[in-house]
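Architecture and fold: a report
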Amino acid sequence: SVGGALNMGLFGLSSIAQKAIGVIPVAFSSVIYPRMTIMLAEGKSIKAIIKSNVRPLFFQFCVVLFVSILGAILLSPSVDYLLPNYAGGVKAAQWMLFIPVAQSFGALNNIYNVVKKQFLFFISLITGVIVGSIFIFCQVYQYGFYLEFFTQGMLLGNVIQQLLSLVFIGVLIRNEQ
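Keep in mind the model is a prediction, meaning the values are calculated, not measured. (Residues numbered from 1 in each chain as written. Predicted model: local features only at pLDDT ≥ 70, side-chain atom pairs only at ≥ 80, totals over all residues. Heavy atoms only, no water.)

**A look at the overall build of the protein**
To be explicit about the condition: Labels follow the DSSP assignment, with helices taken as runs of H or I lasting at least four residues and strands as runs of E lasting at least two, numbered in each case from the N terminus. By definition, residues are in contact when any of their heavy atoms lie within 4.5 Å. Where accessible areas are quoted, they stem from the Shrake-Rupley method and a 1.4 Å probe; at the residue level, only the protein chains shown are allowed to cover. Within this scheme the basic residues Lys and Arg register as positive and the acidic residues Asp and Glu register as negative, but His and the chain ends are omitted. For the purpose of locating charges, the reference atoms are NZ of Lys, CZ of Arg, CG of Asp and CD of Glu.
Helices and strands together make up the secondary structure of the protein, namely seven helices and zero strands. Its helices and strands taken in sequence order, the protein reads α-α-α-α-α-α-α from the N to the C terminus. Dimensions of the protein along its principal axes, counting C-alpha atoms only, are 55 × 35 × 20 Å. Contacts spanning at least 24 positions in sequence make up 81% of the contacts within the protein whose residues lie at least 6 apart. Summed over its atoms, the accessible surface of the protein is roughly 10,000 Å², and 71% of this surface lies on carbon and sulfur atoms. Charged side chains of the protein number 10 positive and 4 negative; the gap between the two group centres comes to 12 Å.

**Focus on helix α1 (residues 4-41)**
How we decide: One axis fitted to the seven residues ending at a residue, another fitted to the seven starting there: the angle between these axes is the bend at that residue.
At Ile21, α1 is bent by approximately 35°, the largest bend along its length, and proline Pro25 sits one to four residues beyond. Within two residues after α1, Gly43 carries a phi angle of roughly 90°, on the positive side.

**Let's talk about the nonpolar core**
To be explicit about the condition: The nonpolar core is taken to be a set of buried Ala, Val, Leu, Ile, Met, Phe, Trp, Tyr and Cys residues, with the residues joined through side-chain atoms within 4.5 Å. Residue exposure (1.4 Å probe, protein chains only): buried if accessible area is under 20% of the type maximum, exposed if over 50%, otherwise partly exposed.
Counting residues in each nonpolar core, the largest one holds 17 residues, and the members touching the most others are Met36, Ile46, Ile50, Ile111 and Ile169. The set of elements that each furnish at least two residues to this core consists of α1, α2 (46-82), α5 (110-114) and α7 (147-176). In this structure, Leu13, Ala17, Val79 and Val90 belong to the second largest nonpolar core, which totals 11 residues.

**Overview of the environment of Ser78**
Tracing the backbone through its elements, the reader meets Ser78 in helix α2. For Ser78, a relative accessible area of 34% corresponds to the partly exposed category. Note: C-alpha distance between Ser78 and Val90 (12 residues apart in sequence) is 9.9 Å.

**Comments concerning the environment of Leu97**
Considering the arrangement of structural elements, one finds Leu97 in the loop between α3 (90-96) and α4 (99-102). Taking the C-alpha atoms as reference points, Leu97 and Val64, 33 residues apart in sequence, are found 9.3 Å from one another. Those residues within four positions of Leu97 in sequence are excluded, and the remaining contacts are Ala17, Ile21, Ser68, Gly71, Ala72 and Leu75.

**Focus: a nonpolar patch on the surface**
To be explicit about the condition: Two distance rules govern patches: like charges are joined within 9 Å, and nonpolar side chains (Val, Leu, Ile, Met, Phe, Trp, Tyr) within 5 Å, applied only to residues with over 30% relative accessible area and no salt bridge. Any carboxyl oxygen of Asp or Glu that lies within 4 Å of a side-chain nitrogen of Lys or Arg is treated as forming a salt bridge with it.
Together, Phe59, Val63, Phe66, Val67, Ile69, Leu70, Ile73 and Leu74 make up a nonpolar patch on the protein surface, roughly 720 Å² of accessible area in all. By secondary structure assignment, the location of Phe59 is in helix α2.

**Focus on the packing of α1 against α2**
The test is simple: Whenever a helix is involved, its axis is fitted only over the stretch in contact; in every case the axis is a line through C-alpha atoms, and angles between N-to-C directions fall within 0 to 180 degrees. For classification, angles of less than 35 degrees are called roughly parallel, those exceeding 145 degrees roughly antiparallel, those between 65 and 115 degrees roughly perpendicular, and all remaining angles oblique. Each residue gets one of three labels, nonpolar for Ala, Val, Leu, Ile, Met, Phe, Trp, Tyr, Cys and Pro, charged for Asp, Glu, Lys and Arg, and polar for the others, Gly among them.
Running from N to C, α1 and α2 point in directions that differ by 170°, and their axes come no closer than 10 Å. In terms of orientation, α1 lies roughly antiparallel with respect to α2. Here the residues of the contact of α1 with α2 are counted per class, giving 18 nonpolar, four polar and one charged.

**Structural notes on the packing of helix α6 (residues 118-143) against α7**
For clarity, the cut-off: Here a crossing is taken to be left-handed if its near helix is turned anticlockwise relative to the far helix by less than a right angle, and right-handed if that turn runs clockwise.
As a packed pair, α6 and α7 sit with axes 7 Å apart at the nearest point and diverge in direction by 155°. Between α6 and α7, the crossing angle belongs to the class labelled roughly antiparallel. Of the two possible hands of crossing, α6 and α7 adopt the one that is right-handed. Taken together, the residues that form the contact of α6 with α7 break down as 16 nonpolar, 10 polar and no charged.

**A few points about the packing of aromatic side chains**
Keep this limit in mind: Side-chain rings of Phe, Tyr and Trp, where Trp is taken by its six-membered ring, are said to pair if the distance between their centres is within 6.5 Å; with planes under 30 degrees apart they count as stacked, over 60 as edge-to-face, and otherwise as tilted.
For the structure shown, the criterion picks out eight aromatic pairs. Both rings, one in Tyr146 and one in Phe149, keep their centres 5.4 Å apart while their planes meet at 75°; by these two values the pair is edge-to-face. For Phe149, a relative accessible area of 9% gives the class buried. What links up through ring pairs into an aromatic cluster is the set Phe58, Phe61 and Phe105.

So this is what it looks like as structure tokens:
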């Protein structure tokens, strides 16, 4: 199997690190989604709905970026002290800490459900998965197996997906006018 059981166990550290910070964008999204639905029901435009949510998401982005940088700095000494058997997974986990940063504006993607245009979101998801997978495949093919290639590919895929989602939101806004 790719990476083997050891790397699968080390990947657990990455998963835990991402979930610790990833709870922040999930919490923001759970507040923003019903708000978007209410605003649409009140007759607000997509542009107004998106615009009203950008400021709190920018604040969230700053907080998550700060926490991710701090986490990346503190992760290695913390793991060395508390979980020395997982030291081999630190580099991968450090990359994984930045996935919530890439997802900071992901709550805007709720607009796809609100206006029933999920296909656009699906296209952005598939594109991110494909780009991230190609990155991982190329890295492993060229350099051999390193766990951090997987988390780098996941991060790249998330960034591509989020950027494409924002482009599609721009298209929704333009088509509305």
